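Per-entry structural report
Next come the chains, spelled out residue by residue.
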Amino acid sequence: MVGPPPLKGLKVLEFAGLAPGPFAGLLLSDAGANVLRIDRAIPGKTHTAGSEAPPPTGDLLTRHKYSIAVDLKSPAGVALIKELSKTADVIIDPFRPGVLEKLGLGPDVLCTLNPRLVYGRMAGFRRDGKYATMAGHDINYLAVSGVLSMLGRRGEKPHPPWNILADFAGGGATLFQGILLAIISREKTGKGQVVEANMVDGASYLATFPRQALKTPMGSEPRGENVLDGGCPYYDTYETKDGKYVAVGALEPQFYAILVHKLNLSDDWNRTRLDRATWPEMTSEFEAAFRSKTRAEWEKVFDGTDACVTPVLDYPELEEGQGQGREGDQRPSVTLRDTPLLAAHQMATDPVVQGQGDGWPGSGYEGQPLLPGQGGEKALRSWFGLDKGTDFGVENGGLVAKPKSKL
């Protein structure tokens, strides 16, 4: 019998944003935290009975979250946030430096109201750097961190891998880690603290190994000419007869030997494996060999071997092949055997491995929009013990603190 998810009961206020902030909130909500997103109020639509539903935001990272709409330019709206902060555990601030401070909701204010509060701030650039006040996106943070300079094929321009590295890994996931560290510290000291994360430092930290490898034979060549960046023929992808691809990662000599054998190539390649002068010819032979069979045929050749050859699977086929031997069902990022996280896959059957609960619509392949204000009044009642009409009300589509209430 498994126990409740590890962060059950933790109360999180997530100011609405895109990508890194919501991802940090998603990691918390998937671990059982009560995450309440704070959206902009839309007069006549949010929290307005009988009105047309407000349009969804662009945020699809909404599993297990609720929303309240608040006009942060309204003193009564700001007052509500302050009161919620008194009993909240975590704040997620996704804005540029100074935005919440100007509204009277910065850490100096909220952490004074609640000394146990963990105030998580997510910035793009360093707060003390030359780009601090500038707008930016994943590609910009990678660019100034140095990471982007290492990404791309030989002779081609630098190219970012979607927005995975800065926004999500260096941003949201890093902020999540910082929040957990602050919670652990709070258990020892009884005090919360401000958690500073930015996507430049997060991405740079992720690149610790490759940046250090620049001064070693593994990474000292120009972009696209090193062992792990597309320069090495036995660490690369190859097209198959049917236009699909396989991935090859046969770095160690014993794995490389199996690769050469399974490709029916000459054993002479084992002796010249490390000779970079032979790599262009080796690449040509590998390309010709892999084009001789379909991807499915190569799977039959390499599955179960140590040649480090696997199919390059795309998400549509993974989604269609769930439960058919493909590792396509989305699971929690880590398995806690006694207190599993919540499931994403709707057909999850093993609470320890796949996560507990009924899963979520879309099974990790389709995001579900959370409308501004959706479920928020219920959350205020169940999570914070506040009642509409007594503790809070609605003005111009935004929730506000009621004066002279038990707040």
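Structure shown above.
Residues numbered from 1 in each chain as written. Predicted model: local features only at pLDDT ≥ 70, side-chain atom pairs only at ≥ 80, totals over all residues. Heavy atoms only, no water.

1. Quick word on the overall build of the protein chain
As a reminder of what qualifies: In DSSP terms, a helix is any run of H or I states spanning at least four residues, a strand is any run of E spanning at least two, and both are numbered starting from the N terminus. Only protein chains enter the accessibility calculation, which uses a 1.4 Å probe; a residue is then buried when its area is under 20% of its type maximum, exposed when over 50%, and partly exposed in between. In short, Shrake-Rupley with a 1.4 Å probe defines the accessible areas, and a residue's cover is counted only from the protein chains shown. The sign given to each residue is positive for Lys and Arg and negative for Asp and Glu; His and the chain ends receive no count. Here the site of a charge means NZ on Lys, CZ on Arg, CG on Asp, or CD on Glu.
For the protein chain, the helix and strand inventory stands at 14 helices and eleven strands. With the principal axes as the frame, the protein chain shows a C-alpha extent of 85 × 50 × 45 Å. Counting every position in the protein chain, which comprises 407 residues, the buried fraction comes to 43%. A total accessible area of about 21000 Å² is found for the protein chain, and carbon and sulfur atoms account for 53% of it. Measuring between centres, the 45 positive side-chain charges of the protein chain sit 7 Å from its 49 negative side-chain charges.

2. Here we look at a negative patch on the surface
Threshold: Patch criteria: residues need more than 30% relative accessible area and no salt bridge. Like-charged residues are merged within 9 Å; nonpolar side chains of Val, Leu, Ile, Met, Phe, Trp and Tyr are merged within 5 Å. The salt bridge criterion pairs a side-chain nitrogen of Lys or Arg with a carboxyl oxygen of Asp or Glu, the two atoms within 4 Å.
A surface patch of negative charge is lined by Asp314, Glu319, Glu320 and Glu366. Tracing the sequence through the fold places Glu319 in helix α13 (residues 315–320).

3. So, the side chain of Ser85
The condition that has to hold: Any pair of N or O atoms that falls within 3.5 Å is considered a polar contact. Within protein, one atom must be able to donate a hydrogen and the other to accept it, and sequence-neighbouring residues count only if both atoms are side-chain atoms. When checking whether two residues touch, look at their non-hydrogen atoms; a contact exists if any pair is within 4.5 Å.
Here Ser85 is to be found in helix α2 (residues 75–85). A polar side-chain atom of Ser85 sits 2.8 Å from the main-chain carbonyl oxygen of Ile81. Setting aside anything within four residues of it in sequence, one finds Ser85 in contact with Leu13, Ile91, Leu110, Asn114 and Leu117.

4. Regarding the sheet that holds strand β9 (residues 309–311)
This is how the line gets drawn: In this description, strands pair whenever DSSP reports at least two bridges between them. Interaxial angle, 0 to 180 degrees, is taken between N-to-C directions of lines fitted to C-alpha atoms, where a helix line uses only the stretch in contact.
Ordered by their spatial adjacency, three strands build an open sheet running β7-β8-β9, and the pairing between neighbours is antiparallel. Two strands in the sheet have a free side with no partner beyond their single neighbour: β7 (235–239) and β9. Going across the sheet, the axis of each strand differs from the next one's by a mean of 25 degrees, ignoring polarity. Strand direction decides the pairing type here: β7 and strand β8 (residues 245–249), joined by five bridges, are antiparallel. The residue of β8 that forms the bridge with Tyr235 is Gly249. Sheet contacts for helix α11 (residues 279–290): β7, β8 and β9; angle to β7, the most-contacted strand, approximately 40 degrees.

5. Focus on the sheet that holds strand β1 (residues 11–15)
Strand order in the open sheet made by the six strands is β3-β2-β1-β4-β5-β6, with parallel pairing throughout. Here the strands that pair on one side only, and so sit at the sheet edges, are β3 (65–70) and β6 (194–198). Across the sheet, the mean angle separating the axes of adjacent strands is 20 degrees when strand polarity is ignored. Pairing geometry for β1 and strand β4 (residues 90–93), over three bridges, is parallel. The residue bridging Glu14 from the neighbouring strand is Ile92, located in β4.

6. Examining helix α14 (residues 376–384)
The criterion, for reference: Arc definition: it is the arc formed by the directions from the helix axis to the C-beta atoms.
Taken together, the buried positions of α14 are occupied by Gly376, Ala379, Leu380, Trp383 and Phe384. Buried positions in α14, seen along its axis, are confined to an arc of 105 degrees and lie on one side of it. Elements that come into contact with the buried residues of α14 comprise β1, β2 (34–40), β3, α2, β10 (392–395) and β11 (398–401). One or two positions beyond α14, positive phi appears at Gly385, with a value near 70 degrees.

7. A few points about the state of the cysteines
Where we set the bar: A pair of sulfur atoms, both from cysteines and within 2.5 Å, is called a disulfide here.
As enumerated under the stated definition, the model contains zero disulfides in all. Considering cysteine sulfurs only, Cys308 is the nearest to Cys232, which forms no disulfide, with 12 Å between them.

8. A few points about the pairing of β1
In summary, the side chains of a regular strand alternate between the two faces of the sheet. Of all five residues in β1, five are buried, a share of seventy percent or more. With burial as the criterion, each face of β1 is covered, one bearing Lys11, Leu13 and Phe15 and the other bearing Val12 and Glu14. Of the strand pairs in this sheet, β1 and β2 are connected by five bridges, and their pairing is parallel. Each residue of the ladder has a partner; that of Phe15, found in β2, is Ile38.

9. Some details on the pattern of salt bridges
Under the counting rule described, the total for this entry stands at 18 salt bridges. Notably, a salt bridge pairs Asp39 with Arg37, separated by 2.8 Å at the nearest N-O pair. One exposure class covers both Asp39 and Arg37, and it is buried. Between Glu225 and Arg154 there is a salt bridge, with its nearest N and O atoms 3.4 Å apart. Here Glu225, found in the loop between α8 (208–213) and β7, pairs with Arg154, found in the loop between α5 (138–145) and α6 (164–189); they are 71 residues apart in sequence, far enough to count as distant.

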